[in-house]
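Coordinate inspection notes
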Amino acid sequence: IARMCYHCGNCDNEVKIAKEMPLIKEQLDTIDEDLMRKVVGEILGEETANVMRIEDLKEWIVFEASALFIDGDFNEYND
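Described below are features of the structure shown in this document. Only a predicted model underlies this, so the values are computations on that prediction, with no experimental measurement involved.

Okay, the pattern of salt bridges next. Applying the stated criterion across every chain yields a total of eight salt bridges. Between Asp29 and Lys58 there is a salt bridge, and its shortest N-O distance comes to 3.1 Å. Of the two residues, Asp29 sits in the loop between helix H3 (22-28) and helix H4 (33-44) while Lys58 sits in helix H6 (residues 54-71), which places them 29 residues apart along the sequence. Judged by relative accessible area, which is 10%, Lys58 ranks as buried. The salt bridge partner of Glu33 is Arg37, with a shortest N-O separation of 2.7 Å. With Glu33 and Arg37 both in helix H4, this residue pair falls four residues apart, about one helical turn. Put simply, Lys19, Glu20, Lys25, Asp29, Glu55, Lys58 and Glu59 are held in one network by salt bridges that share partners.

What follows is the structure in structure tokens.
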């Protein structure tokens, strides 16, 4: 999924598809909207994140998570 969402060129369509995959959708639905805005705000700036639609926030999170995974800059999270 990460390789699908992070590649050369425009990744928008792939990220939209991934965001609706049951595995990804289930995880995104558990994230608090305020936390999403905070995380995306660190990437795009707080003012931008605060006016984004929830679906746009989710897409940025999927894209950024994919980029971090592909680039090897991530930590596994276990409950």
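Moving on: the packing of H4 against H6. Close contact between H4 and H6 brings their axes to 10 Å; oriented N to C, the two are set at 60 degrees. With respect to H6, the element H4 is oriented oblique. Between H4 and H6 lies a crossing whose hand is left-handed. Contact residues: Glu33, Met36, Arg37, Val40, Ile43 and Leu44 in H4; Ile54, Leu57, Lys58, Trp60, Ile61 and Glu64 in H6. Here the residues of the contact of H4 with H6 are counted per class, giving eight nonpolar, no polar and four charged.

Conventions used here
- Residues numbered from 1 in each chain as written.
- Predicted model: local features only at pLDDT ≥ 70, side-chain atom pairs only at ≥ 80, totals over all residues.
- Heavy atoms only, no water.
- Salt bridge = Lys/Arg side-chain N within 4 Å of Asp/Glu carboxyl O.
- Helix = DSSP H or I, 4+ residues; strand = E, 2+ residues; numbered from the N terminus.
- Buried < 20%, exposed > 50% of the residue type's maximum accessible area, 1.4 Å probe, protein only.
- Axes fitted to C-alpha atoms, helices over the stretch in contact; angles between N-to-C directions.
- Parallel < 35°, antiparallel > 145°, perpendicular 65-115°, else oblique.
- Left-handed = near helix turned anticlockwise from the far one by under 90°.
- Contact = heavy atoms within 4.5 Å.
- Nonpolar A, V, L, I, M, F, W, Y, C, P; charged D, E, K, R; others polar.

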